[in-house]
Amino acid sequence: ALQKWCQQRAQEVGLSLDSEAAALLAERVEGNLLAADQEIEKLGLLFAQDAHIQAQDIIDNVADQAHYQLFALSSAMLLGRPQYALQILHRLHQEGLEAPIVLWLLSKEIRLLIAIGQRQNQQSLPQQFKQLGIWSSKQAEFKAALTRHPGGYWQQLLPKALEVDLMIKGVRSGDEWQGLSELVFEIAC
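Residues numbered from 1 in each chain as written. Predicted model: local features only at pLDDT ≥ 70, side-chain atom pairs only at ≥ 80, totals over all residues. Heavy atoms only, no water.

Brief notes about the packing of aromatic side chains
Alright, step 1. In total, this model carries two aromatic pairs according to the counting rule given.
Alright, step 2. Summarising the aromatic geometry, the rings of Phe71 and Trp104 are spaced 6.4 Å apart at their centres and angled 85 degrees between planes, so their arrangement reads as edge-to-face. Here Phe71, found in helix H5 (residues 70-78), pairs with Trp104, found in helix H7 (residues 99-118); they are 33 residues apart in sequence, far enough to count as distant.
Alright, step 3. Note on Trp104: relative accessible area 46%, which makes it partly exposed.
Alright, step 4. Ring geometry for Tyr153 and Trp154: centres 5.1 Å apart, planes at 85 degrees, overall edge-to-face. (Phe/Tyr/Trp six-rings, centres within 6.5 Å; stacked < 30°, edge-to-face > 60°. Helix = DSSP H or I, 4+ residues; strand = E, 2+ residues; numbered from the N terminus. Buried < 20%, exposed > 50% of the residue type's maximum accessible area, 1.4 Å probe, protein only.)

Printed below as a string of structure tokens:
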């Protein structure tokens, strides 16, 4: 729907976007309507009235605003969105985020899921969240992850995180980003 909106908005400023250009613009603004509107306004200033905007024009003139925060990766994984989580991981890698930082996040989330699973019969979930310092804004995400897999599942991911850590440190051979991708997928699925 954003692609069609971009084409309609471009017509309002006197431009025409072909479908490939509109799709690229929608991808670059990552669903942010305000950013899309600003970019279309900018294109209206850069190009003559009635100009036909193509994909290369978008590549040359529209900044890729689809920057992800590290914690968006956490949300995507916990909510069970493996493809989106892998997309975020790939973007973080492209942006130069270091593998140890990503591994820190994955390990932290795995340890919290294990801790919740171990206390499941002893405390209510709200009590556990409070005790473990899980913010209310993240609680639904943790609940979603806990409904997908039992506590034992999360426990088996720790040795995999250790393997990735050893790759990062050069003790084991292998591609640490491939290892991170596999771990992200296993958390998210």
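Following the structure, the description resumes.
Points about the packing of helix H6 (residues 82-94) against helix H12 (residues 176-188)
Alright, step 1. It is at 9 Å that the axes of H6 and H12 come closest, and there the two elements cross at 150 degrees. Looking at the two axes, H6 sits roughly antiparallel to H12. Crossing of H6 over H12 shows right-handed handedness. Where H6 approaches H12, its residues Pro82, Ala85, Leu86, Leu89 and His93 are matched on the opposing element by Trp177, Leu180, Ser181, Val184, Phe185 and Ala188.
Alright, step 2. Considering only residue class, the contact of H6 with H12 consists of nine nonpolar, two polar and no charged. (Axes fitted to C-alpha atoms, helices over the stretch in contact; angles between N-to-C directions. Parallel < 35°, antiparallel > 145°, perpendicular 65-115°, else oblique. Left-handed = near helix turned anticlockwise from the far one by under 90°. Contact = heavy atoms within 4.5 Å. Nonpolar A, V, L, I, M, F, W, Y, C, P; charged D, E, K, R; others polar.)

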